[in-house]
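Structure at a glance
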Amino acid sequence: MRPGQANPDARALRARKASALKGLFEVPGDKSISQRALILGAMAAGETTVTGLLESEDVLSTAGALRALGAVLVREGAGAWRVTGACWTTPAAPLDFGKSGTGSRLVMGAVAGMPIRAIFTGDASLRSRPMARVLEPLTQLGARFEGDGPKALMPVTLHGAASAKPITYQVRVASAQVKSALLLAALNADGISRISQAALTRDHTEKMLSAFGAKITVGSAGQGETIVLQGGIRLKAAQVEVPRDPSSAAFALVAGLIVPGSEISLPAILLNPRRIGLIQTLLEMGADIQITDRRISGGEEIGDLTVRHSQLKGVTVPAERAPSMIDEYPILAVAAAFARGQTVMMGLEELRVKESDRLAAIMAGLAANGVEADESDNNLTVRGMPKVPGGGTVATHLDHRIAMSFLTMGLASENPVTVDDVTMIATSFPDYEGKMRALGAVLEGVKS
Ligand code: S3P
């Protein structure tokens, strides 16, 4: 794909060296939890209320699909939604999930357990992502599917099970989406399902299922875990408070670390232990990040963060940490470019199947901006520099995290960094530009 090619409405943006970034940075609601709140609410009996919902394109695509399946979703104010669950029915038209991997895969799971049929589709980025990893395990419950080729690319037609059977299944990929899809399917199976995973991926589905009245237990199994779920019990509506997204906070955190003189406060950030690999890594790199007022909100750990400019040093990030920071490697690669010495990130194979091939996009973005890096066996090594040259144009490949990461680089590099498209940032962080500018970031439009 050439820069911007897949998006005729692409809008390029350039970030240039900023003086100190200062102030309060309020990030929107967590994307993973927002998606799950709507999906579980749409399946449950009764009226679920959600506050702090992330109103980004990905979440709104899921909301549209859930409406088409029969649920009633009403927006009552900023981030405040009311969801009335329903017994889902076959939608009249294909469900278009835009770029949302999580929305589409979790809804596939739910549909697989029901005696209905749905066609799943999305934009060019989603249509290039493998759906077989979710759909093949779902056939064990009795679902059938037709997709394109061995990866089962979208559009996919999914025939839910006429009468879903409980499963015992070992998830082979370190993916919370696959685990969650199986759990949502197993909710409608007639009996007890056991789903195991060798990696400890994010556990928001398990936690939220429990809050919605499911009979679910989680036990450790070796390095991983086994989840036991009783099927055939209808979920009951709940109240969900969505905490602020650590994956969106990551961009301001790293900006604060690399721009001299910065000090940024990020209140009430989700600190679920399975989501804080980036913070842990940055602390090991010598980052000045204070975490205060750790508390529980909506069943999740949260805390207030303050970040100050710091001289970082290179570290080795073990493969076992990857699930807890899987979306944060692009921004960690940017932090690593400004660190003393080299940073080695291990076990990145899952980055190949994100909104873009993120490993390739990171390598190309670093090279375009004069940063040396190499990649072999899915390990990435970035060699930090006292002065990062910048000056390049980065191909974002419809990937929001690539766009925000390289804009962050441009705030501290010697020359401005341009990204070829920023429109897709709205999938996860609708007011990113406004909020970064309010801190003092210099982001300029680029005439094509
Ligand atoms: C997510 C899981 C991760 C992550 C994605 C959100 C989720 O994907 O990259 O942004 O909400 O379950 P995988 O499950 O494919 O690792």
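The coordinates are above.
Okay, so let's go over this structure. Numbering of residues starts from 1 in every chain and runs along the sequence as written. At least 70 in pLDDT is required for a residue's local features to be given in this predicted model, at least 80 for side-chain atom pairs to be given and counted, and no such filter applies to totals for whole chains, interfaces and linings, which use all residues. Side-chain metrics rest on all non-hydrogen atoms present in the structure, leaving aside hydrogens and water.

**A look at the packing of aromatic side chains**
Only rings of Phe, Tyr and Trp enter the pairing, Trp through its six-membered ring, and a pair is recorded when the two centres are within 6.5 Å. The plane angle decides the type: under 30 degrees is stacked, over 60 is edge-to-face, the rest tilted. By the definition in use, this model includes three aromatic pairs. Residues Phe 25 and Phe 429 carry aromatic rings whose centres are separated by 5.9 Å and whose planes lie at 65 degrees to one another, so their mutual orientation is edge-to-face. In this pair, Phe 25 is assigned in the loop between β2 (22–24) and α1 (31–43) and Phe 429 in the loop between β23 (417–419) and α13 (432–439), connecting sequence segments 404 residues apart. No difference in accessibility class separates Phe 25 from Phe 429, as the two residues are buried. Aromatic side chains Phe 97 and Phe 120 sit 5.8 Å apart centroid to centroid with 10 degrees between the ring planes, which places their arrangement in the stacked category. Note that Phe 97 is positioned in the loop between β6 (95–96) and α3 (101–112) and Phe 120 in strand β7 (residues 117–121), a separation of 23 residues in sequence. Strands here are runs of E lasting at least two residues and helices are runs of H or I lasting at least four, both read from the DSSP assignment and numbered beginning at the N terminus. To sort residues, take the accessible area from a 1.4 Å probe on protein chains only and compare it with the maximum for the residue type: under 20% means buried, over 50% means exposed, and anything in between is partly exposed.

**Remarks on the pattern of salt bridges**
Whenever Lys or Arg places a side-chain nitrogen within 4 Å of a carboxyl oxygen from Asp or Glu, that contact is recorded as a salt bridge. This structure, assessed with the given rule, holds 35 salt bridges. Arg 295 is the partner of Asp 304 in a salt bridge, and the nearest nitrogen-oxygen pair spans 3.2 Å. The partner of Arg 358 in a salt bridge is Glu 355, with the nearest N and O atoms 2.9 Å apart. Judged by relative accessible area, which is 0%, Arg 358 ranks as buried. Relative accessible area serves as the criterion here: at 9%, Glu 355 is assigned to the buried category. Residues joined in a network through salt bridges with shared partners are Arg 129, Arg 202, Asp 327, Glu 355, Arg 358, Asp 399 and Arg 401.

**Points about the nonpolar core**
We call a set of buried Ala, Val, Leu, Ile, Met, Phe, Trp, Tyr and Cys residues a nonpolar core when their side-chain atoms join them within 4.5 Å. The biggest cluster of nonpolar side chains holds 76 residues, and the ones touching the most others in it are Leu 266 and Tyr 329. Ranked by the residues each element gives to this core, the list is headed by helix α8 (residues 246–258), at nine residues. Between two residues, a contact is recorded if the distance between any of their heavy atoms is within 4.5 Å. Apart from residues lying up to four places away in sequence, Tyr 329 is in contact with Val 317, Arg 321, Ala 322, Met 345, Met 346, Leu 348, Leu 351 and Ile 362. Among the nonpolar cores identified, the runner-up in size contains 72 residues, and Ile 116, Leu 183, Ile 195 and Ile 227 belong to it.

**Quick notes on the packing of α1 against helix α7 (residues 204–211)**
Relative to each other, α1 and α7 sit at 35 degrees, their axes nearing to 10 Å. Between α1 and α7 lies a crossing whose hand is right-handed. Here Ser 32, Ile 33, Arg 36, Ala 37 and Leu 40 of α1 lie close against α7, whose contacting residues are His 204, Thr 205, Met 208 and Leu 209. Residues are grouped as follows: nonpolar covers Ala, Val, Leu, Ile, Met, Phe, Trp, Tyr, Cys and Pro; charged covers Asp, Glu, Lys and Arg; every other residue, Gly included, is treated as polar. Considering only residue class, the contact of α1 with α7 consists of five nonpolar, three polar and one charged. Helix axes use the C-alpha atoms of the stretch in contact, all axes being lines fitted to C-alpha atoms, and the angles between their N-to-C directions lie in the range 0 to 180 degrees. For any helix crossing, the convention is left-handed if the near helix is rotated counterclockwise from the far helix by under a right angle, and right-handed if that rotation is clockwise.

**Some points on the pairing of strand β21 (residues 379–383)**
By this definition, two strands are paired if DSSP reports at least two bridges between them. Relative to β21, strand β19 (residues 342–345) runs antiparallel, the two being bridged by four bridges. Within the sheet, the bridge partner assigned to Gln 342 lies in β21 and is Arg 383. Taken together, the four bridges between strand β20 (residues 373–376) and β21 define a ladder with antiparallel strand orientation. Within β21, the position partnered with Ser 376 by the bridge is Asn 379. In textbook terms, the turn of a hairpin is the stretch between consecutive antiparallel strands, and for β20 and β21 this stretch comprises two residues, one of which, Asp 377, has a positive phi near 50 degrees.

**Digging into the site of the ligand**
In this text, near means that some heavy atom of the residue lies within 4 Å of the molecule or strand in question. Near the ligand you find Ser 32, Arg 36, Thr 102, Ala 174, Ser 175, Ala 176, Gln 177, Arg 202, Ile 326, Asp 327 and Lys 354, and these make up its full shell. Taking Ser 175, its side chain carries an N or O atom lying 2.7 Å from an oxygen atom of the ligand. Within the contact set of the ligand, an oxygen atom lies 2.8 Å away from a backbone nitrogen or oxygen of Gln 177. Burial of the ligand by the protein amounts to 95% of the accessible area it has alone, namely 380 Å². Broken down by secondary-structure element, the contributors of at least two residues to the shell around the ligand are α1 and α6 (176–186). Looking at the shell around the ligand residue by residue, the classes come out as three nonpolar, four polar and four charged. In this document the domain limits rely on a domain assignment from an automatic tool or a database. Counting residues domain by domain, the shell around the ligand receives three or more from each of domain 1 (13–29 + 243–445) and domain 2 (31–241). Pairing of N or O atoms within 3.5 Å defines a polar contact, subject to two protein rules: one partner must be a possible hydrogen donor and the other a possible acceptor, and residues neighboring in sequence count only if both atoms are side-chain atoms. Exposure was quantified through the Shrake-Rupley algorithm and a 1.4 Å probe, taking into account, for residues, occlusion by the shown protein chains and nothing else.

**Let's talk about the sheet that holds strand β18 (residues 316–317)**
Taken together, the four strands give an open sheet; going across it, the order is β18-β19-β21-β20, and neighbouring strands pair in mixed fashion. Strands at the two margins of the open sheet, each flanked by one partner only, are β18 and β20. Pairing of β18 with β19 involves two bridges; the strand directions are parallel. In the sheet register, Val 317 faces β19, and the bridge partner there is Met 345. Docked against the sheet, helix α10 (residues 329–337) engages β18, β19 and β21, running at close to 160 degrees with respect to β19.

**Quick look at the sheet that holds strand β22 (residues 393–394)**
Sheet strands pair via backbone hydrogen bonds, and the direction of the pair is either parallel or antiparallel. The sheet built from four strands is open, its strands ordered β22-β23-β1-β24 with mixed pairing. Each having just a single partner strand, β22 and β24 (442–445) make up the two edges of the open sheet. Two strands pair when backbone bridges link them, and β22 and β23 are joined in this way by two bridges, in the parallel orientation. Across the sheet, residue Val 394 finds its bridge partner in β23, namely Val 419. Those strands touched by helix α12 (residues 400–410) are β1 (13–16), β22, β23 and β24, and its axis lies near 165 degrees from that of β23. Here α13 sits on the sheet in contact with β1 and β24, set at roughly 135 degrees to β24.

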